[in-house]
Amino acid sequence: MKNRILIYSLTGLLTSSVLAGLLITNKTQAQSPNSEHNTHHPSAQATPSQRGMMTQVDRHFIEMMVPHHEETVKMADLALTRTKRPEIKKLAETIKKDRSREIQQMRTWYKAWYGTEVPANAMAGMGMMRMQQGMGQDNQGMMRMSGKQNMMGMEMHLEDLKNTSDFDREFIRQMIHHNQMGVMMSQMALNSATKPEIRNLAQSIIKTQTAEIAQMQQWYQAWYQPTPTQSQQ
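A brief structural summary.

Conventions we followed
Within every chain, residues take consecutive numbers counted from 1 along the sequence as written. The model is predicted, so local features are restricted to residues of pLDDT at least 70 and side-chain atom pairs to those at 80 or more, both for listing and for counting; the totals for chains, interfaces and linings are taken over all residues. Where side-chain values are given, they derive from all heavy atoms of the structure, hydrogens and water being excluded. Starting at the N terminus, helices and strands are each numbered in turn, a helix being any DSSP run of H or I of at least four residues and a strand any DSSP run of E of at least two. Partly exposed describes any residue whose relative accessible area lies between the buried limit of under 20% and the exposed limit of over 50%, with all areas from a 1.4 Å probe on protein chains only and scaled to the type maximum. Note on contacts: a residue pair is in contact if any heavy atoms of the two residues lie within 4.5 Å. In short, Shrake-Rupley with a 1.4 Å probe defines the accessible areas, and a residue's cover is counted only from the protein chains shown. What we call a nonpolar core is a set of buried Ala, Val, Leu, Ile, Met, Phe, Trp, Tyr and Cys residues that are connected through their side-chain atoms within 4.5 Å. The working definition used for a salt bridge is a side-chain nitrogen of Lys or Arg within 4 Å of a carboxyl oxygen of Asp or Glu. To estimate how far a helix should reach, multiply one less than its number of residues by 1.5 Å. Any two rings among Phe, Tyr and Trp, with Trp reduced to its six-membered ring, count as a pair given centres within 6.5 Å; such a pair is stacked if its planes are under 30 degrees apart, edge-to-face if over 60, and tilted if neither. By definition here, charges over rings are those cases where NZ of Lys or CZ of Arg is within 6 Å of the ring centre and within 35 degrees of the ring normal. Axes here mean lines fitted to C-alpha atoms, for a helix over just the part in contact, with angles spanning 0 to 180 degrees between N-to-C directions. Angles below 35 degrees are treated as roughly parallel, those above 145 as roughly antiparallel, those between 65 and 115 as roughly perpendicular, and all remaining angles as oblique. Handedness of a helix crossing follows the sense of rotation of the near helix relative to the far helix, less than a right angle counterclockwise being left-handed and clockwise being right-handed. Classification used: nonpolar for Ala, Val, Leu, Ile, Met, Phe, Trp, Tyr, Cys and Pro, charged for Asp, Glu, Lys and Arg, polar for all others including Gly.

Focus: the overall build of the chain
Consideration 1: Scanning the chain for helices and strands turns up nine helices and zero strands.
Consideration 2: Counted from the first residue to the last, the chain has its helices and strands arranged as α-α-α-α-α-α-α-α-α.
Consideration 3: Here the chain holds 233 residues, and the buried ones make up 47% of them.
Consideration 4: Long-range contacts, defined as pairs at least 24 residues apart, comprise 77% of the intrachain contacts of the chain with a sequence gap of at least 6.
Consideration 5: Accessible surface, the chain: about 11,600 Å² in total, of which carbon and sulfur atoms supply 52%.

In structure tokens:
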């Protein structure tokens, strides 16, 4: 239980750094003139500096979502060999197919738009940079620590899933939490991204992963009674 609490705490730190840049852009957009129109046209009324920040949301979203999806695929691969339930195996197959397709699409966009591959260490750095710009100096030490823990948190997350005595139960709990993070990231991108491709992808992710969460919650209640959040307490 202590290991699980630590893992979810590290995941929370990871998510905070990932979401920070998108949060800052949302705030900038809300404070800009005629912000009610910016919901549909994010850069229409923005100043050059605000428009530049908004444009970065597209890039940051890909840099954060690609490794997030890659971790999901690794979890699905584990499920395909470890699960005892056909329902979870079918879900894992769908997750692997869908996330792999989205990863490839995002990598293609990134190469076309920015002339380079998606950086491997994006999760450990880019979110922290945006967060650092929007917060005071007092938080910088904590943010640097969080950045160092990002990849370690992912590794511990998967290691705990590999070693659990009840794989199906732990898979559902972790995948629900993982999807919730993906939905939050996508909601912010949906409000702030300038490229229609990113907004469309974010909308698709929200719809797909929200449905997956609902399905897994139903399974958890049917198979294990309490909801995942209740069982962690």
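So that's the structure; there's more coming.
So, the nonpolar core
Consideration 1: Counting residues in hydrophobic clusters, the biggest one holds 22 residues, and the most contacted among them are Phe171, Ile172 and Met216.
Consideration 2: Counting residues in each nonpolar core, the second largest holds 19 residues, with Ile62, Met106, Met185 and Leu201 among its members.

Brief notes about the pattern of salt bridges
Consideration 1: Counting across every chain of the model gives eight salt bridges.
Consideration 2: The residue Glu117 makes a salt bridge to Lys111 at a minimum N-O spacing of 3.8 Å.
Consideration 3: Judged by relative accessible area, which is 42%, Lys111 ranks as partly exposed.
Consideration 4: Linking Arg173 and Glu170 is a salt bridge whose minimum nitrogen-to-oxygen distance equals 3.0 Å. Note that Arg173 and Glu170 are positioned in helix 7 (residues 167–192) at a spacing of three residues, about one turn of the helix.
Consideration 5: Here Glu170 falls in the buried class, since its relative accessible area comes to 2%.

Observations regarding helix 8 (residues 196–224)
Consideration 1: Along its 29 residues, helix 8 runs 41 Å from first to last C-alpha, staying within 8% of the 42 Å computed at 1.5 Å per residue.
Consideration 2: When helix 8 is considered as a whole, its buried residues turn out to be Ile198, Leu201, Ala202, Ile205, Ile206, Gln209, Glu212, Ile213, Met216, Trp219, Tyr220 and Tyr224.
Consideration 3: Gln225, located one to two residues past helix 8, shows a positive phi value of around 75°.

As for the packing of aromatic side chains
Each aromatic ring pair is characterised by the separation of its centres together with the angle its planes make.
Consideration 1: What the rule picks out here adds up to seven aromatic pairs.
Consideration 2: When the centroid spacing of 5.5 Å and the interplanar angle of 10° are considered together, the rings of Trp219 and Trp223 count as stacked. Of this pair, Trp219 and Trp223 both sit in helix 8, four residues apart, which is roughly one turn of that helix.
Consideration 3: Seen in terms of ring centroids, Trp223 and Tyr224 are 6.5 Å apart; in terms of plane orientation they differ by 90°. Their pairing is edge-to-face.
Consideration 4: Members of the aromatic cluster, each reached through a chain of ring pairs, are Trp109, Tyr110, Trp113 and Tyr114.
Consideration 5: Lying over the aromatic face of Tyr114, Arg59 brings its terminal NZ or CZ to 4.7 Å of the ring centre.

Details of the packing of helix 4 (residues 86–114) against helix 8
Consideration 1: Interhelical geometry of helix 4 versus helix 8 gives an angle of 160° and a closest axis separation of 12 Å. Considering their axes alone, helix 4 and helix 8 lie roughly antiparallel with respect to each other. Helix-helix and strand crossings are classified by hand; for helix 4 and helix 8 the assignment is left-handed. Listed contacts from helix 8 to Glu87, Ile88, Leu91, Ile95, Arg99, Glu102, Met106, Trp109 and Trp113 of helix 4 are Glu197, Ile198, Leu201, Ser204, Ile205, Thr208, Gln209, Glu212, Met216, Trp219 and Trp223.
Consideration 2: A breakdown of the residues in the contact of helix 4 with helix 8 according to their chemical character gives 12 nonpolar, three polar and five charged.

Things to note about helix 4
Consideration 1: Between its first and last C-alpha atoms helix 4 spans 41 Å; for 29 residues at 1.5 Å apiece the expected length is 42 Å, and the two agree.
Consideration 2: Note on helix 4: the residue one or two positions beyond its end, Gly115, has a positive phi of about 70°.

Structural notes on the environment of Gln209
Consideration 1: Looking at the secondary structure, you find Gln209 in helix 8.
Consideration 2: Taking C-alpha positions, Gln209 is 9.8 Å from Met181, a pair spaced 28 residues apart along the chain.
Consideration 3: Not counting chain neighbours up to four residues away, the residues in contact with Gln209 comprise His69, Arg99, Asn179, Gly182 and Val183.

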